[in-house]
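# Overview (structure and organization)
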Amino acid sequence: MLLNYKTIHFKIDDGHPRIRTITKFDVPGIGLPLNNPDQREAISMALSKRFSLIHGPPGTGKTNTAIKLIYLFNNINKDLERLGQGKKHIVFCGPSNKSVDVVAVRLFENRKDNGPKIARLYGGSLANSDFPIPGKCYPSRKGSSDDKPEAKLKSLAIHHIIRETGKPYATAIAEFEKQMEDKKKLKVNLIEEYTLLLSKSTQEELTHYDVIFCTTAMATNTSIFKMLKNQIFQLIIDECGMCTEPECLATIVSTRAEQVVLIGDHMQLKPIIQCQQAQRLGLEESMFESYYKCQIKGKNSVQLTTQYRMHESICKFPSKRFYNEKLVTGLSASYLENQPLQIWGHQKETRHIFCHVEGEEEALTVSSNEGNEMSRSNVVEVKQVMKIFKFLYEREHIFGDKQTTSKPRCTLNIMSQYKAQCNLITRELEKEGYNGINVNTVNGSQGGEWDYVIFSLVRSLPQIRIERYPTQGWTTKNLGFITDENQINVALTRARKGLFVIGNQNLLRCNRVWNELLDYYSSKGCVFDAKDFPMPIQHKGKKKRHTNSEEFQFA
């Protein structure tokens, strides 16, 4: 650990004026459910302490809790400003633009007239995608979910706001951009002056907002936040389990926030560390995980234990395996089916299926943000994915009737931990006329939720090559990162109403987690051979109707 928890003065002094302004722990009227006991305890702790952790397993409402904290922190800041304490700001950040935008969009859509004034601060590469600066080159992010600003937040994006009519530097910025249109007359000093003007206008504009949304990388940019020095009182870091400890610490130090709230789940995706030596030295463990496992657990941390996303049968295994059976299912309409699907057979109260497939995996090279990398695919599993997808689409009609509704009745995501498999599934879907279907890696699915999920594991070996008593090294070589417990947890907790897992159970039983899952699924009668699941579709002469990208949207 880089920071000793014993050196932190956690609690705000009882005599501090902020303590006297804490009178509410919920925010009615913004379209969010009222707090459950865990959420109220988490909010109460965060409002009264300088440093706190909120552990939010899948579906427990940590995003809603974060939004309510923003409102309540802002109310306190406004009360103290009226008492002459000066204007204070809130910075909300996360490890990626996607993680930040999810909360910013939700807050924007559930805003009140007297709610906080919010702004979205994007980094140079994303701002440059809207307003290119000649000569500025940023790494290609093709295929990344972070490759462009969120369209829904355009009116909140600082790089758009500073160009609006009436803003103090809008005219000067427009003049510079007009001059730069003529590439022949372009000079280095002109670009430098333009860049300085953008920086100055951004710095001044930020002072007008109560809440600033940005990534942790942007939060460490002290030049951008120069005019907010000593004015940032609250810092909320979301998806903190994915942040490295130095990344987290740098954000806290740079903002100089008086109150810090870390929100995340260290049982889901960990920080991505490319250097194996750095992994061995412990950089893969986030600050969130370090503190949660330390002595402050129970004093400055609250675990949210009621989930409202998944059907209870889907939740049971992750709860037992990853959360010590503390994760319970609350009543919610999100996971209810009006009528159980035929695909579940006689197991009407069980919404998970494992399909055993003995395919042949193929290793190949695919392109990524970091360059080319080795990946794997499995054609036989792709066929099983298509078989289940067609059953859901053509027989169950889970997406509704395109003729009578503009939105799909249900949402679906097809997942794999291998990009090559995702690419192969996408090509097969498009080949048969199904365009715009969600097909994502497990990493790309973090933070998302869908009604139905089909998960292809890819890795496979013939029975004769599977060791009877496999060593750790053999397992790592032949199963790869499908044995990563954090990724397994993410994959198993994305579905609301139904989960379909496809893989080679003979090979998977070499891993402890997958062996436990297969035992659990078997006890429920939910393990099938691919040839027996689902039952063959009986066509009734109706013409097959395919879909387009508008029918399948991110949930």
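Residues numbered from 1 in each chain as written. Predicted model: local features only at pLDDT ≥ 70, side-chain atom pairs only at ≥ 80, totals over all residues. Heavy atoms only, no water.

In its Sequence similarities (unreviewed entry) section, UniProt records this for the chain: "Belongs to the DNA2/NAM7 helicase family." (UniProt positions renumbered as here; feature names shortened; annotations may be inferred.)

The next subject is the environment of Arg-494. Among the structural elements, Arg-494 can be located in the loop between α18 (485-492) and β16 (495-503). Not counting residues within four places of it along the chain, the set of residues in contact with Arg-494 comprises Pro-58, Gln-268, Arg-309, Met-415, Ser-445, Gln-446, Gly-447, Gly-448, Glu-449, Trp-450 and Val-453. Within polar-contact distance, the side chain of Arg-494 engages the side chain of Gln-268 at 3.1 Å. Reaching out from Arg-494, the side chain makes a polar contact with the side chain of Thr-493 at a distance of 2.9 Å. (Helix = DSSP H or I, 4+ residues; strand = E, 2+ residues; numbered from the N terminus. Contact = heavy atoms within 4.5 Å. Polar contact = N/O pair within 3.5 Å; in protein donor to acceptor, adjacent residues only side chain to side chain.)

Okay, the pattern of salt bridges next. Inspection of every chain in the model, using the stated rule, returns 25 salt bridges. For the salt bridge of Lys-78 with Asp-210, the shortest nitrogen-to-oxygen distance reads 2.9 Å. Placement of the pair is Lys-78 in helix α3 (residues 62-82) and Asp-210 in the loop between α8 (188-206) and β4 (211-215), with a sequence separation of 132 residues. The residue Glu-109 makes a salt bridge to Lys-152 at a minimum N-O spacing of 3.8 Å. Note that Glu-109 is positioned in helix α4 (residues 97-109) and Lys-152 in the loop between α5 (124-130) and α6 (158-161), a separation of 43 residues in sequence. Just as Glu-109 is exposed, Lys-152 falls in that class too. Through salt bridges with shared partners, one network takes in Lys-78, Glu-81, Lys-87 and Asp-210. (Salt bridge = Lys/Arg side-chain N within 4 Å of Asp/Glu carboxyl O. Buried < 20%, exposed > 50% of the residue type's maximum accessible area, 1.4 Å probe, protein only.)

Overall, parallel pairing links the seven strands, which are arranged β3-β4-β2-β5-β6-β1-β7 in an open sheet. In the strand order of this sheet, the two ends are held by β3 (118-120) and β7 (301-303), each with one partner. Across the sheet, the mean angle from the axis of one strand to that of its neighbour is 15 degrees, orientation sign disregarded. Pairing of strand β2 (residues 89-94) with β4, which is carried by five bridges, proceeds in the parallel orientation. When the bridges of β4 are listed, Gly-94 appears paired with Thr-215. Sitting on the sheet, helix α2 (residues 37-48) touches β1 (51-55), β6 (259-264) and β7, and the angle it makes with β7 is about 165 degrees. The sheet strands contacting helix α10 (residues 245-255) are β1, β2, β5 (232-237) and β6, and the helix crosses β5 at an angle near 165 degrees. (Pairing = 2+ DSSP bridges. Axes fitted to C-alpha atoms, helices over the stretch in contact; angles between N-to-C directions.)

Glancing now at the sheet that holds strand β15 (residues 450-456). An order of β14-β13-β15-β16-β10-β17 is seen for the six strands of this open sheet, with the pairing classed as parallel. Only two strands of the sheet have a single partner each, and these edge strands are β14 (439-441) and β17 (527-529). Mean inter-strand twist for the sheet, computed between neighbouring axes without regard to direction, equals 25 degrees. Summarising the sheet, strand β10 (residues 352-356) and β16 pair through five bridges and their orientation is parallel. Its bridge partner being in β16, His-352 is matched across the sheet by Leu-499. The strands that helix α13 (residues 312-322) touches are β10 and β16; relative to β16, the one it contacts most, it runs at about 60 degrees. Across the face of the sheet, helix α14 (residues 379-395) comes into contact with β10, β13 (412-416), β15 and β16 while running at roughly 150 degrees to β16.

What follows is about α18. Within α18, seven of the eight residues are buried, which leaves it mostly tucked inside the rest of the structure. Of all the positions in α18, only Asn-486, Gln-487, Ile-488, Asn-489, Val-490, Ala-491 and Leu-492 are classed as buried. Residues of α18 that are buried make contact with α13, β13, α16 (442-445), β15, β16 and α20 (512-523). Between the side-chain oxygen at the start of α18 and the backbone nitrogen of Asn-486 there is a gap of 2.9 Å, and the oxygen is on Asp-484.

Turning to the side chain of Gln-384, a few remarks are in order. One can find Gln-384 in helix α14. We classify Gln-384 as buried; its relative accessible area is 4%. If we skip the residues at most four places from it in the chain, Gln-384 touches Cys-355, Val-357, Ile-502, Ala-530, Phe-533 and Pro-534.

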